[in-house]
Amino acid sequence: MRQPRRDSRGILDPARMKRWVQFRRHLPAVALRPWVEHYWLIDWDLSEPFEQRVVPHPAVNVVFQRDGDDPERAELAGVGQELFSITLTGSGRVSGVQFRPGGFHPFWRRSVAELTGRRQPLPGAVPDHAVCAGTDAERCQALNALLTGWAPRPDPVNDEVMRLVETIRTDRNVRRVDEFAREHGVSVRRLQRLFLTHVGVGPKWVIRRYRLHEAIERAADGPLDWAGLAAELGYSDQAHLVRDFTATTGVSPTAYAQSRR
């Protein structure tokens, strides 16, 4: 039986985050699982501000947030290409939906690239009751009702794009777009167009992002052969990996590894 992801890929210093906030994931209704990765719920009650940084996945998120007694607000977040940082204060709750890469297209029905790098108020119909209120089960039920009401449209082409992204995520041997396109019998140009339309970013970006997630995870595991890891993940050399890691996370791999230990 499928379970929510238990890894912390993309979350910088996840152990610290879990000391400050309550974070958990739940699966959506069975009918929504072809498109939705998981629901993610966060609750906090802080005595001082807490900052969390995330290296985003190639995925769209729908986020409901309530700070203290303020009204609940809803946001649609396209694929984030930059480091995401948020500072939480006081008390609050978040009920979020992380779609699978490509999984938002059947709900959006337009090019997902329109949303890339953008965060905007959630358009269209939203629930007439709070999504951040109640138990975890009640919050998930509210999200199930919302997404089911959007009536996603199955699309064989979209399904194929999602399978291609999953291959990139799970197969570390995928390093070059031209080789990947050839292996799957599609031109590079068509592959790029499909990814932009259905995922929101190109295949090269997806490959690099998943390999960087791997590097972030491995940096916290102990001493590393950075040159060997760079070669394993498809970087031209160690310096290339270090530049990409530092530019994305804001710290060098060595500094991040030391902070985690």
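The structure under discussion appears in the preceding block.
Residues numbered from 1 in each chain as written. Predicted model: local features only at pLDDT ≥ 70, side-chain atom pairs only at ≥ 80, totals over all residues. Heavy atoms only, no water.

Per the stated rule, a full pass over the model turns up 8 aromatic pairs. Ring geometry for Trp-20 against Phe-50: centres 5.4 Å apart, planes inclined by 15°, an arrangement best described as stacked. Here Trp-20 is found in helix H1 (residues 14-20), whereas its partner Phe-50 is found in strand S3 (residues 50-54), with 30 residues between them in sequence. The class of Phe-50 is buried, set by a relative accessible area of 1%. Taking the centre distance of 5.9 Å and the plane angle of 90° together, the rings of Trp-35 and Phe-107 count as edge-to-face. In this pair, Trp-35 sits in the loop between strand S1 (22-26) and strand S2 (36-45) while Phe-107 sits in helix H2 (residues 105-108), placing the two residues 72 residues apart along the sequence. Through a chain of ring-to-ring contacts, the aromatic side chains of Trp-35, Phe-99, Phe-104, Phe-107, Trp-108 and Trp-150 assemble into a single cluster. Cation over ring: Arg-110 sits above Trp-108, and NZ or CZ is 4.1 Å from the ring centre. (Phe/Tyr/Trp six-rings, centres within 6.5 Å; stacked < 30°, edge-to-face > 60°. Helix = DSSP H or I, 4+ residues; strand = E, 2+ residues; numbered from the N terminus. Buried < 20%, exposed > 50% of the residue type's maximum accessible area, 1.4 Å probe, protein only. Lys NZ or Arg CZ within 6 Å of the ring centre and 35° of its normal.)

Among the structural elements, Arg-208 can be located in helix H7 (residues 203-219). The class of Arg-208 is partly exposed, set by a relative accessible area of 30%. Sequence-distant contacts of Arg-208, that is, excluding residues within four places in its chain, are made with Tyr-235, His-240 and Asp-244. (Contact = heavy atoms within 4.5 Å.)

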